[in-house]
Structures are given as C-alpha cells and as structure tokens.
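Examination of the molecular architecture
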Amino acid sequence: MSGFTGTSTYVATDDLRVAVNAAIALERPLLVKGEPGTGKTILAQEIAKALGKRLIAWHIKSTTKAQHGLYEYDAVARLRDSQLGEAKVHDIANYILRGKLWEAFVAEEAPVLLIDEIDKADIEFPNDLLLELDRMEFHVYETRQTIVARQRPIVVITSNNEKELPDAFLRRCFFHYIRFPDRETMEAIVAVHYPGLQHDLVREALNVFYELREVPGLKKKPSTSELLDWLKLLMVEQIPAEALRAKDAGKLIPPLHGALLKSEQDIHLFERLAFLHRRERGG
Amino acid sequence: MFVDFFLELREARVPVSLREYLTLMAAMRAGVAAYSVDDFYYLARATLVKDERNLDKFDRVFGHCFKGLETPLEEGHGIPEEWLRKLAEKHLSEEEKRQIAALGGWEKLMETLRRRLAEQKRRHQGGSKWIGTAGTSPFGAWGYNPEGVRIGQEGNRNNRAVKVWDKREFRNLDDQVEIGTRNIKIALRRLRQFAREGAASQLDLDGTIHATAKNAGWLELKLVPERHNAVKVLLLLDIGGSMEGHVRACAELFSAARAEFKHLETFYFHNCPYEALWRDAERRHVERTATMEVLHTYDAGYKLILVGDASMSPYELVQPGGSVEHWNAEPGQVWLARLLATYPKSAWLNPVPEHYWGATASIGMVRRLMEGRMFPLTLDGLDRAMRQLAR
C-alpha cells in the first residue's frame, strides 16, 4: 500500500500519518481540526504532492451552499440568451455549471478534494453533503443524469470549530486533531522549511517563541505559520542569534515582533509584562 | 477484547456508534495499523473520537482497557499537580530498594491510596508515607517503590512504559473545564438566528426567475431584505459580594457576548434582581433603571440570561425588606417571576460548580423559580443553556 509519510516540506507526526492512511485505505473523508496556523489546509496540498495527485480545493464561505459544490444552473444566462434568440438556449445542459465535487468525481485519476473550513458554512451544509460524500454520486435534476465518481477522491475537510458538525456527518469521517507541535517536532518543521539555518538562531528563536506562547492572557497565541514568517524575517534582516538572547533592559521585546503578535492589545500586554519583569529584576 | 473496549467507551460517554466500530474493524483488516500498538492507538483514535473534547476520555479508557492501567480516581479527588512536580529526585541504593516492602495486592494499594488521599491535606515531598514526589511511599512520582502507583509523572524515570495515551495530552480540551473567550463565543454562536428584516435591498434571484417565468419572459425584479443575525439578548449580571471570586469568568462571558450579539442589553444587580437595575456597576448608587421600565422597553423577543451564583440569604428571595442593600417592598422571587413571565426564553448561568449546588439553600430555590433552567458556567453548561434558549 502506498502510504503517506510526510513530504520534504511537511512534517507528519505518527498519529497524523495513521489517520491519513486510514482515510485513504477506507476511502472515507478525513476531518482535520486544530489551532489556526498549524497546517490544516497545507495538509491536503501535501497529500496531493506526496501521492502525485491533483488537488481540487473548495473554499467554503458563510454563503456557500452544498449545491454549489455539485452544480449550478445559470438561469440568468439562459434568460439573457433567450431574449437574444440564441440557438444554444434549447439545450439546458449548456447552462449547467460544474461544481468542485463534480469536477473531482469525473477526473481521470482520483484527485485530492479539499473542503476548506467547512464550519464557515450554514449549519445544514454538512448534512446536505452526507449522501454525496458517502455514495460519491448525485443527481442532476435539470438534465436528468446521475453523476457517479469514477474513482473515489481522497477527501480532506478542515474545520476551525466555529460550529459543531452534525453527528451523522462525523460518523462517516476519520478525525484528526492537530496538536500544537512540541519543541522537537517544531525543530523538524523549521529544518524542513529553512534547511541550513544557523542552529543557535533556531534555538534562540524557539526559546522566544515558546516563552511568548506561555504569556497568560494573549488573545491570539502565535502559531507555526507565524513562527515560520518570523524566522524568514529574521533571516532577511540578518538578525544575529545574540540579539534574541539579549535580556538586558529595553530589549525585552523580541525584534520584529509584529510577525508574532497580531493584535494591538497583545503587544500592549506583552510590553507591560516585560516592563514589570524588568522592574522585578532591577529591584 | 475490542467489544469490551467499545462498550467501555460508551460507558465513559464518548459518543461512539456501531458504524465507527465497524469502520475500525475494516481499517484493521485493510492493514492500516499492522503490528504496532501505537499505530493501533492512533487508528482507534481517528476512527472513534470525533471531537477533541473527548480525546482525554478516550485516552483514559484506552489506557484502562489495553494496559490494565490505573482507573482515574473519582471526580473531586484529583491530586493537585503542584504536589507532584519534579523538585528533587531521590537515588536509592540497591540494598535500600530491596528493603522497601511491597504493600500487598493491587486492590489494597488503591484502597490505601484513597485513604491516604483523604487524610493528607498538604503538599509533600520525600519521606515514606505521604503522597508527593521523590519519596519511597508507593504513591506519587519520581520515587521508587517496586509496587508503586504513579500519579501524574511527566517523564519516565525508572524506564517503565509510559505510553502515548498515558500522557493524556488532550486533558485541557475536556468540555467540563473552565472556559476562555473564544470557546465561549463558539458556544454562544448556537444562539444565532438568521432572519430577514428591514428594507428590501437585495436581489432575490430565485424569486426574480420565478416571477419572470410566470410573466412569460418579461423581466420582473424581486427584492428581499438582507439576512443577518437577529437574536436579541438581555444579560443581567450579579456583581459584588460573593461574586468577587467569579469576576474573571463573568468578564470573559461578557466580552464574548458583546462580540457575538449585535442586540445585547446589559444590566447589573446584586444577589437577586429587585425593583431597580444598574447600567453601570460603578455608578449604581447614582443611576438606576427601574426594572419595570426594562420589562416594558425590551419585548418578549429578547432572550434573558441571568448570571449569578444565587448564593444569598433565603430571606432575600421570600421576604419583603430581605435585601442586604436596601429596603425592598417586594421580595426577590416576585421580581424574578415577573422577569420570567415577560421573557419566556430565559436561563440562569451559575459560576458555582454544579456539584456544590445542593449545599446552598438559595441556589435550590432560584433553580425552582427558574423551573430547572440553571446551568453551570462551564463550556458544557453554556452549551446546554444555549440549546435551551434556542429551542
């Protein structure tokens, strides 16, 4: 069995590997949850890359309906054509627009289908897709045809937990919660993204990063993607590792902190804590 | 063995169904997790757990079923982690190790532990009887006793197996724990009610097509009002006195509610709502709003959420003049009943943990007045309250 073991740009932990392989083997959707910025969306891209398959991404918004993934009937275009007296108006199939699911079903080779941020949509959305994802087929009412998947695509669904998903839907999925990576995993992730980065810079940066995550009361804790952005900035600006280590007065806020702390309140909070910390040390 | 595991999961209230069990069997047959206990654990977790809140329960059941590990102590008997944090390690010679006598069978050990837990009140370290770190007592961590029970040890000092499920890394995702703002927002989101209200400003495509088709092709435009969250919430918060200890939880709830609801009205009260409420808690002796006025201003479409510990003298509820602050002509329960009559959709959130409710008479009385619609201020309780309100 050709399994997923991570790629040269993605570190997959053992539990993630097992979950992905189970989803592939049993042809069931894989539901991925986790803190923002821990690589949920990237996962689908990496699975596609690792298995050499095409990725079809369907990004969900609050207005997305399940029907949009299947097909849409462009009635307005047909209406306009009828008023202009065009010939193609007689065939309704000309006005059926294929959705992402349809695209994935009729692909030559089974693709990876990403349904991104499913919790953004209406509460009924997952329920409306139950049958389609289970049986991998649906019916087009306008043309009276049934679309059946040639091969079952690998379906990856991500959720940010803004809404609870219905039980019936959950029962059909494999579930994986991406835990925030521990230091060891994080070092591996950094190494995969920026090979050849000075070792002591990484170590100091991770020190600062995990310390920052420990600060109580932060609105948005920095996550993996923010750490990677920050490291990139540090490299571009050529900040030496010593600058991160500097614990003397006035330098308690890490350089280029804008990449890590995204809200004004968090920066204020951090500054205040740093100030108190300094006073304690001084006194 | 697997069936027992499945049944035990259900008993621990992890929502698993036959379908998931069969999926697990199918995955095993497909060879997804061949010959490795860790892989089997990951596979079972991906198959049977569908919500991160249940991961901790799953880990406990898995540990119990497949390793004969310790069952968790009953609720309320948890050991403060601080006791067991590694402070020092004790190194024993081989001879000393031999000298440590085993206490007897497993049952006896657990029995003794339970008794010991009841006796011990303070943190303890070293020594050979009490629970703590680096000692030779059978209970605790980072010590040595051949027949010991390990409690909350982070590392693996004596090289006895600590399995992944034993680490219980998902502990803080259990839905009984205290809540943070973002989690509260998600729970409050249950209340969302989308409705179309106000001026028709959006093109109704389907309606237009229908109308046009009916008109035999002559275009007829249809408009509808925009869709938005129309839920209206009246939030009454208890402040001062016994609520001091719950300020943080209440502040979190308040800030989450403010971000979540467009129509949110907030008032404060002390212990029990009487004839006046306050908009601003700091100026409560200067500016008051008559409760009657509140009842008349906000219609029955508002959902009423009361937040308070409901811990007060029973006289405050039943006796005119029972209030601790002022002379009230009518007792608290009359005003509470009035509020409930005006707002049929209502709930009381109580920051006091649910299993202490029985200990305070007034909590029971308020609960009766609320017809049982009192919920603890935890994520789970909030969820139940929102379901109740959304009904």
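Predicted, not measured: the structure shown is a model, and the values here were computed from it.

Observations concerning the overall build of chain B
For chain B, the count of helices and strands is 16 helices and 11 strands. Across the 391 residues of chain B, 30% fall into the buried class. In chain B, once contacts between residues fewer than 6 apart in sequence are set aside, the share between residues at least 24 apart is 64%.

A word on the interface of chain B and chain A
Each side of the interface is counted separately: chain B has 28 residues, and chain A has 24 residues. The set of elements that each furnish at least two residues to the side of chain B that touches chain A consists of helix 2 (18-29), helix 3 (37-48) and helix 10 (205-214) of chain B. With seven residues, the single largest contributor to the side of chain B that touches chain A is helix 3 of chain B. For the side of chain B that touches chain A, a count of residues per class yields 13 nonpolar, six polar and nine charged.

What to know about the sheet that holds strand 9 (residues 303-307) of chain B
Residue and element names in this part refer to chain B. Here we have five strands laid out as an open sheet, ordered 6-5-9-10-11, and parallel in their pairing. Whereas interior strands pair on both sides, the edge strands pair on one side only; in this sheet they are strand 6 (263-269) and strand 11 (374-376). Within this sheet the neighbouring strands show an average axis-to-axis angle of 25°, counted without direction. Against the sheet, helix 11 (residues 247-260) contacts strand 5 (232-238), strand 6 and strand 9, and its axis sits at roughly 165° relative to strand 5.

Some words on the sheet that holds strand 2 (residues 55-59) of chain A
Residues and elements named next belong to chain A. Reading across the sheet, the five strands line up as 2-5-8-1-9 and stay open at both edges, with parallel pairing between neighbours. Edge positions in the open sheet fall to strand 2 and strand 9 (174-178), since each of these has one partner strand only. Between one strand and the next, the sheet's axes are offset by a mean angle of 20°, whatever the strand orientation. Judged from the five bridges that link them, strand 1 (residues 30-34) and strand 9 form a sheet pairing that is parallel. From the neighbouring strand, Leu31 faces strand 9, where its bridge partner is Phe175. Packing against the sheet, helix 1 (residues 14-26) makes contact with strand 1, strand 8 (154-159) and strand 9, and its axis sits at approximately 155° to strand 9.

Some words on the confidence of the model for chain B
Residue and element names in this part refer to chain B. Of all residues in chain B, 68% attain a pLDDT of 70 or more, and the chain-wide mean is 73. Note that pLDDT drops below 50 for residues 69-93; the model gives that stretch 39 contacts with residues more than four away or on any other chain. Here residues 121-136 is a poorly scored stretch, pLDDT under 50, and it has 54 contacts once near neighbours within four places are set aside; other chains count. Interface confidence in the predicted complex, given as ipTM, is 0.81; pTM for the same model is 0.63.

About the thresholds
- Residues numbered from 1 in each chain as written.
- Chains lettered and ligands numbered in written order.
- Predicted model: local features only at pLDDT ≥ 70, side-chain atom pairs only at ≥ 80, totals over all residues.
- Helix = DSSP H or I, 4+ residues; strand = E, 2+ residues; numbered from the N terminus.
- Buried ≥ 20, exposed ≤ 12 C-beta atoms within 10 Å, placed from the backbone.
- Contact = placed C-beta atoms within 7 Å.
- Nonpolar A, V, L, I, M, F, W, Y, C, P; charged D, E, K, R; others polar.
- Pairing = 2+ DSSP bridges.
- Axes fitted to C-alpha atoms, helices over the stretch in contact; angles between N-to-C directions.
- pLDDT = per-residue confidence, 0-100.

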